[in-house]
Amino acid sequence: MIRRNRILRTSPAIRAMVAETILTPADFIAPLFITEGAHVKEEIASMPGYYRYSLDNTVQEARELWSMGIRSVLLFIKCADELKDNEGTEAVNPDGLMQRAIKAIKDAVPEMVVMTDVALDPYSSYGHDGIVKGQEIVNDATVEVLARMSLNHAKAGADFVAPSDMMDGRILAIRNLLEAHNFDKVGIMAYSAKYASCFYGPFRDALDSAPGFGDKKTYQMDYANAREAIKETLMDVEEGADIVMVKPALAYLDIMRQIKDRVTVPVSAYHVSGEYAMVKAAARMGWLNEEKAILEILTSIKRAGADLIATYFAKDAVKLLG
Ligand code: PBG
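Residues numbered from 1 in each chain as written. Predicted model: local features only at pLDDT ≥ 70, side-chain atom pairs only at ≥ 80, totals over all residues.

On to the site of the ligand. Inspection of the region around the ligand gives Asp117, Ala119, Asp121, Asp129, Ser164, Asp165, Tyr200, Phe203, Arg204, Lys216, Val272 and Ser273 as its neighbouring residues. A breakdown of the residues in the shell around the ligand according to their chemical character gives four nonpolar, two polar and six charged. (Near = placed C-beta within 6 Å. Nonpolar A, V, L, I, M, F, W, Y, C, P; charged D, E, K, R; others polar.)

Rendered as structure tokens:
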């Protein structure tokens, strides 16, 4: 034998020397669910160990994340039912919960990279990502609202807006409106390859944002397709996206790899709520070692090409990395 592959696996020291993929705290984007009120910390039933926080606790959480080395947060708000309508009016309220959250976090932790979800679903009386006409989710009228929503987040101090709606042409519209108002330092993290996935279920519980009728298959992508993901992503880059995203993560690592090989912008993965819930559930049953699963999954996502990973395990991962 002249080739003994096991030599490089002999000891932890040797394995550490030759490890190709190393997770660091700055890889992670921590999603935050924000709700009205004071001193609120509500566990999300289908996401054990993950919480909705009121603003005061959100700020505390952001401080803690920063002290752990996590450099970015992705904000989602739970909108009160009485503020929901078809046009997402509350989404562009300058004093809305999202806008107050951006300001509060930037005041408390100025260096934290604050990213905001841009889509109508939490604000929509129909629970859809766009404006509904009849049975249809209309594209162009929605894009207009998304651009105004993005500008509004930029005014409140967001560093990146993250459109998660999958309407056509929204990246260009957002970029143009930001430019027109001189927000030339605000980035766009585009959910470029976002699939219509059952793995968003727990998230929709967290924000009470499940679609009231139908599904999201006329705008989110069909999981049977890969080429479409490349088309969507290349278009988003052309339209001005600074970071592109693949979502969900674990069942889409082939997509991640193909996109990584084709673009020169950073690629982000969203390890989504259902993926989190699966690990939690199996661990609770005693069927899976949670700590090992977290590190294996997040390392695999990075190995597949992710430069950044939005994950509900961000804090756990940093603690495990030691
Ligand atoms: C809103 C949005 C969703 C997620 C992120 N932004 C839900 C959806 O598209 O239905 C899912 C995140 C997760 O499941 O963790 N457009």
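So, on to the UniProt feature "binding site: Mg(2+)" (unreviewed entry) in the protein. In the numbering used here, UniProt assigns the feature "binding site: Mg(2+)" (unreviewed entry) to Glu232. Tracing the backbone shows Glu232 in helix α7 (residues 227-239). According to the C-beta neighbour criterion, Glu232 is buried, with 21 such atoms within 10 Å. With near-sequence residues (within four places) excluded, Glu232 lies in contact with Ser192 and Ala193. (UniProt positions renumbered as here; feature names shortened; annotations may be inferred. Helix = DSSP H or I, 4+ residues; strand = E, 2+ residues; numbered from the N terminus. Buried ≥ 20, exposed ≤ 12 C-beta atoms within 10 Å, placed from the backbone. Contact = placed C-beta atoms within 7 Å.)

Of the two faces of strand β12 (residues 308-311), the one carrying Leu308 and Ala310 and the one carrying Ile309 and Thr311 are both buried. Here strand β1 (residues 28-34) runs beside β12; their pairing, made up of two bridges, is parallel. Across the sheet, Ile29 pairs through a bridge with Ala310, a residue of β12. Bridge count for strand β11 (residues 267-271) against β12 is four bridges, and the pairing is parallel. Following the sheet pairing, Tyr270 is matched in β12 by Ala310. (Pairing = 2+ DSSP bridges.)

Mapped onto this structure's residue numbering, the UniProt feature "active site" (unreviewed entry) falls at Lys194 and Lys247. Across 54 residues in sequence, these annotated residues keep their C-alpha atoms within 4.9 Å of one another, forming a single compact spot. Looking at where Lys194 falls in the secondary structure, it is placed in strand β9 (residues 187-194). In contact with Lys194, not counting residues within four places along its chain, are Ser164, Met166, Gln220, Met221 and Lys247. Mapped onto the fold, Lys247 is located in strand β10 (residues 243-247). Residues in contact with Lys247, not counting those within four places in the same chain, are Tyr191, Ala193, Lys194, Tyr195, Tyr270 and Val272.

Here we take up the confidence of the model for the protein. Here the protein shows a mean pLDDT of 97. Residues at 70 or above account for 100%. Under the prediction, the complex receives an ipTM of 0.97, its pTM being 0.97. (pLDDT = per-residue confidence, 0-100.)

As a further point, take unusual backbone geometry. Along the chain, Lys247 connects to Pro248 via a cis peptide bond; the corresponding omega equals -10°. Mapped onto the elements of the fold, Pro248 is located in the loop between β10 and α8 (253-260). Backbone geometry at His39 places phi at a positive 55°, although glycine is not the residue there. By secondary structure assignment, the location of His39 is in the loop between β1 and β2 (41-44).

Between helix α2 (residues 55-67) and helix α3 (residues 97-108), the shortest axis-to-axis distance is 9 Å and the interhelical angle comes to 40°. Viewed along their axes, α2 and α3 adopt a mutual orientation that is oblique. Crossing of α2 over α3 shows right-handed handedness. Residues Leu55, Thr58, Val59, Ala62 and Arg63 of α2 touch α3, and the partners they reach there are Arg100, Ala101, Ala104, Ile105 and Ala108. Taken together, the residues of the contact of α2 with α3 break down into seven nonpolar, one polar and two charged. (Axes fitted to C-alpha atoms, helices over the stretch in contact; angles between N-to-C directions. Parallel < 35°, antiparallel > 145°, perpendicular 65-115°, else oblique. Left-handed = near helix turned anticlockwise from the far one by under 90°.)

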